Amino acid sequence: MCVIPDSRWLRRRGPGFEGGFLDERVEHPCSIWGRGKEVLPGSVWLACMVLRRGPLRRSRGTGATVELLTPLQGVSMHVLRKTFAVTAAAMALAACGPQPETSPEETAPESQVPAGAVDDAARAVADAARRTPNELDAQFAKAAGEFNVPVSLLKAISYAETRWEHVRGEEEFEGRPAAFGLLALRGQLIADGAALAGVSADAVRDEPLANLRAGAALLSKYADEAGIDRADLGAWAPVAVRLTDISDPDIQAHYIHNDVYAVLREGAGAFTPAGKVAVSLDATQVEPKFALPKMQALAAGPDYAASIWRPSPNYNARPAGIGQQMVVIHTCEGGYSGCWSWLTNSAAGVSAHYVVNESGTEVSQLVRESNRAWHVAAAYRSSLNGGVKSHLNGRSTNDFSIGIEHGGYASSASFSSGMITTSAKLTCNITRDQGIPRDSYHIVAHGRLQPETRTDPGPNWPWSTYISKIRSECGDGGGGTNPVIVVDSNNANNDSTKGYIAVPSTWARGTSAGYYGNDYYYASTQPVSEPAVFHFHMPAAGSRTIQAWWVQGTNRSPAAPFVIAHAGGNSTVTVNQQTNGSKWVTLGTYNFNAGWNKVQLSRWATEGYVVMADAVRIQ
C-alpha cells in the first residue's frame, strides 16, 4: 500500500489528473488501492485515503505504462492539492519507511519534500488534526441545507473563526462575551440562533450540529432581511459579517475579503486524527459584494518591522523608570480580525502591543512597546511566577510588560506551527531590544498571572517548543556553531554550563529601573579591584564580540573599567555608565580560547561613584 517503486510522482492538472499533464508534481504514498479493509496507521491514511486507482497512465520510458492514482470520488483534487498533498504525502512516506531508488529517467525534481521536512510535515498535520476530531462535512451540509445557506460559506466562516474546531471560549476582554462552537457564536447571537433553530442555548454552546444550525438560521434570517439572491455567493458578504462583533466598516472589509472570501477562493481541508476527511472546502472563484478595505499604504510597526501598524487609542504612559521586563502571552478567544478590531476600538478599553494571526502570516502592532497597553487586569504577584521580581508585587502587570495576543482560543487542541514560529520571532525581537531574559519566568502565560479569571493561552500552548524557538531565533540556544551567551547578574537566569557570575560580598544588589533580568550588582569605586566576574564557556576557540548592559545614573562611574581576558592577554575598556543605559553597548571583539573565559568589572576607578554589574553578552 506504500510507494510505487518506480513511479513515485503524480502530475496533476485542473480539478483532477485526467486530461493531460502539468509540470507540477506531488509525491504520493500509495501503489494499489487494496481490496478489503486496509490495515494502516492513521497517519498513512492522510495521504492514501484520498486516492484511488484510476485511468491515468504514464510511460515508463520503455513503452510500458504504470497505472497512477486519481482522487477518490467525492474528494476534490483542489482539496488534495491545496491542503493535504505535501504534508500528507510526507507523513505517508515516513510511515512507509526507506524508499527504493528511482530510475534515472524518473528522478524526482528539486522541489521534492526534503528529508527534514517529512517529520515537520507529519507533526503539522497531526497537530491540526487534533482540532478536528470528527467528520464534519455531513453536519455542515445538513445545517446549510435546512436553512438554504451556501454550505461553502458556512465552512468558510467557521474556518476564519475557529479553523473548524468546536471551541469553548472564555472572556478575554471585559465586555466581549465568550465565543462557542464551530462558528464562534457569542452573547445574544447564541440566544437568537438557538430560538431560530429550535434548540437550547446550551446546545448551541456544546453541540457542533446545534451550533451550525443556529448560525445557519441566523444567516438565513439576515439574508431575508437583506433581500439578497441566495444563489449568488458573493452577495452573502454583508450577511456573513453580521455573525461577528466587528463594528468598524473598514475592518469588516478586511474580515470579508482577507479571511472569509480568501479561504473560499483558495480552498482548505482538514483531517481527523484517524486520517479521515474532517472538512473539505473546494476553491471557488468568487468576489464578495462588499466594499474593499481602504486603499492605503500599510506602515510597518514602529518597534517591529515585520508587523503592520494599526494604532490603538487604548494605552497610556508607563510609570517612570520601570521599563519593559516581561512578555505576556495571550489568546484572543476569537479570530484575528475580530481581535485587533476589538483592541483598536476606543469603547473597548483594552489593548495589547501585538496580535499574531492563526497561520503566522501577519502580525499587527497596536501599541508602542515604550507605552503601557491594557492587557492584564491584575496586580503582579511573584508567588504565581516562581518568586521572580518580588519587588514588583502589587504593581499592575501592565506597568512593566509587553502583551502579545494570538488568534485562537485557550481551549484549542493545538496551535499552528506557523503561528508559533512567527510569534517566537516577534518575542525574540522584543526580548533582544528590551533586555528581557528568554525563560519561562519572563515570557509568561496570561493565565499564570491572572489565574482567577483567565487560563490563556491554555494547556496546549507548546511552551517548550516556543521558548526553544525564541532562543534559536536569538541565537542563544538553537544549536548554532556560535550561539549567543548572556551572563546575567542573577545566576538563576544563567545556564551554568555556559555562563555564571561571581561577585564579592562587598557588592550590593540594586533594582533601579532599566536592569537586565531581575536586578544588578553595584559597588562604590575604590583603589581596589574586587571585581564582579562574568564567566562564559567557549566550546571552541574563536572570535567573539563582548557587550555590556547597565542601568545609567548620575552617580555612576564615567570610567567604569571592564577587563576582558582573551587569548592575547587582558584588555581594559572604560565606559561611561552615566549614559547609554538599558541597552547593549559593545566593548570590543577579541579572540578567545576554548573553555572558560571571563569579563571582569573592577571597582578601581576615580572615587565618589559606583560601578554597575548587570549583564554581559557574548556573540
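Residues numbered from 1 in each chain as written. Predicted model: local features only at pLDDT ≥ 70, side-chain atom pairs only at ≥ 80, totals over all residues. Heavy atoms only, no water.

A. Highlighting the overall build of the protein chain. Within the protein chain, the regular secondary structure consists of 14 helices and 29 strands. Buried positions account for 55% of the 619 residues belonging to the protein chain. A separation threshold of at least 6 residues defines the contact pool for the protein chain, and within that pool the share at least 24 residues apart is 71%. Approximately 25,200 Å² of the protein chain is accessible, and the part contributed by carbon and sulfur atoms is 50%. (Helix = DSSP H or I, 4+ residues; strand = E, 2+ residues; numbered from the N terminus. Buried < 20%, exposed > 50% of the residue type's maximum accessible area, 1.4 Å probe, protein only. Contact = heavy atoms within 4.5 Å. Areas by Shrake-Rupley, 256 points an atom, 1.4 Å probe, with all protein chains shown as cover.)

B. Structural view of the sheet that holds strand 7 (residues 185-186). On the basis of which strands lie adjacent, the open sheet formed by 3 strands has the order 5-6-7 and antiparallel pairing. Looking along the sheet, the strands with just one partner apiece sit at the ends: strand 5 (167-168) and strand 7. With 2 bridges connecting them, strand 5 and strand 6 (residues 179-181) associate as antiparallel partners. Note on strand 6: the bridge partner recorded for Arg168 is Phe180. (Pairing = 2+ DSSP bridges.)

C. The confidence of the model for the protein chain, seen in detail. The pLDDT averaged across the protein chain works out to 82; a share of 79% of its residues lies at or above 70. Predicted confidence for residues 1-116 stays below pLDDT 50, and this span has 226 contacts to residues more than four positions away or in other chains. (pLDDT = per-residue confidence, 0-100.)

D. Highlighting the environment of Asn345. Note on placement: Asn345 falls in the loop between helix 11 (336-343) and strand 13 (354-356). For Asn345, a relative accessible area of 28% corresponds to the partly exposed category. Note: C-alpha distance between Asn345 and Ile246 (99 residues apart in sequence) is 9.6 Å. If we ignore the near neighbours within four places in the chain, the residues touching Asn345 are Ser247 and Asn314.

E. Focus on unusual backbone geometry. Here the bond from Asp456 into Pro457 is cis, since omega is 10°, no more than 30 degrees from zero. Inspection of the secondary structure assignment puts Pro457 in the loop between helix 13 (446-449) and helix 14 (463-474). For Trp164, which is not a glycine, the phi torsion comes out positive at approximately 65°. Looking at where Trp164 falls in the secondary structure, it is placed in the loop between helix 5 (151-162) and strand 5. Non-glycine residue Ser582 carries a positive phi angle of around 60°. Structurally, Ser582 is set in the loop between strand 25 (569-575) and strand 26 (585-592).

F. Representation of the pairing of strand 25 in the model. One ladder, built from 7 bridges, connects strand 24 (residues 560-566) with strand 25; its direction is antiparallel. Among the inter-strand pairings, Ala565 is bridged to a residue of strand 25, identified as Asn570. Between strand 24 and the antiparallel strand that follows it, strand 25, lie 2 residues.

G. Here's a closer look at the state of the cysteines. Across all of its chains, the model carries 2 disulfides by this definition. The partner cysteine of Cys332 in its disulfide is Cys339, sulfur to sulfur 2.2 Å. Measuring the twist about the S-S bond at about -80°, one finds the Cys332-Cys339 disulfide to be left-handed. Look at Cys339 and you get buried, because its relative accessible area is 0%. Between the sulfur atoms of Cys428 and its disulfide partner Cys474 the distance amounts to 2.0 Å. Between Cys428 and Cys474, the S-S torsion sits near 115°, and that sign places the bridge as right-handed. With Cys428 in helix 12 (residues 417-434) and Cys474 in helix 14, this pair connects stretches of sequence that are 46 residues apart. Cys474 shares its class with Cys428; the two are buried. (Disulfide = S-S within 2.5 Å.)

H. Up close: the packing of helix 6 (residues 187-197) against helix 8 (residues 208-226). As a packed pair, helix 6 and helix 8 sit with axes 8 Å apart at the nearest point and diverge in direction by 85°. The orientation of helix 6 relative to helix 8 falls into the category roughly perpendicular. Residues Leu189, Asp192, Gly193, Ala194, Leu196 and Ala197 of helix 6 pack against Arg213, Ala214, Ala217, Leu218, Lys221 and Tyr222 of helix 8. For the contact of helix 6 with helix 8, the class distribution of residues is 8 nonpolar, 1 polar and 3 charged. (Axes fitted to C-alpha atoms, helices over the stretch in contact; angles between N-to-C directions. Parallel < 35°, antiparallel > 145°, perpendicular 65-115°, else oblique. Nonpolar A, V, L, I, M, F, W, Y, C, P; charged D, E, K, R; others polar.)

I. The pattern of salt bridges, seen in detail. Here the structure, examined in full by the defined rule, presents 19 salt bridges. Taking the shortest distance from any N to any O, the salt bridge between Arg213 and Glu146 comes out at 2.7 Å. Of this pair, Arg213 sits in helix 8 while Glu146 sits in helix 4 (residues 137-146), and the two are 67 residues apart along the sequence. Residue Glu146 is classed as partly exposed on the basis of its relative accessible area of 41%. For Arg265, the salt bridge goes to Glu287, with nearest N and O atoms at 3.8 Å. Taken together, the positions of Arg265 in helix 10 (residues 249-266) and Glu287 in the loop between strand 9 (277-281) and strand 10 (308-309) put the pair 22 residues apart, joining distant regions of the chain. You can call Arg265 partly exposed: its relative accessible area is 24%. Three or more residues are tied together by salt bridges with common partners; here these are Glu171, Glu172 and Arg454. (Salt bridge = Lys/Arg side-chain N within 4 Å of Asp/Glu carboxyl O.)

J. Quick look at the packing of aromatic side chains. Summed over all chains, the structure comprises 15 aromatic pairs. Ring geometry for Tyr380 against Phe400: centres 5.4 Å apart, planes inclined by 90°, an arrangement best described as edge-to-face. Residue Tyr380 is found in the loop between strand 15 (371-373) and strand 16 (401-406), and its partner Phe400 is found in the loop between strand 15 and strand 16; the two are separated by 20 residues along the sequence. On the basis of relative accessibility, which here comes to 0%, the residue Phe400 falls in the buried class. Centre to centre, the rings of Trp549 and Trp584 are 5.3 Å apart; their planes meet at 70°, and the pair counts as edge-to-face. Here Trp584 lies in the loop between strand 25 and strand 26 and Trp549 lies in strand 23 (residues 542-549), a separation of 35 residues in the sequence. Since its relative accessible area comes to 1%, Trp549 is described here as buried. In this structure an aromatic cluster arises from ring pairing among Phe415, Trp461, Trp463 and Tyr466. Its end group placed over the ring of Phe180, Arg205 keeps NZ or CZ at 5.8 Å from the ring centre. One residue, Arg310, lies across the ring of Trp340, its end atom 4.1 Å from the ring centre. (Phe/Tyr/Trp six-rings, centres within 6.5 Å; stacked < 30°, edge-to-face > 60°. Lys NZ or Arg CZ within 6 Å of the ring centre and 35° of its normal.)

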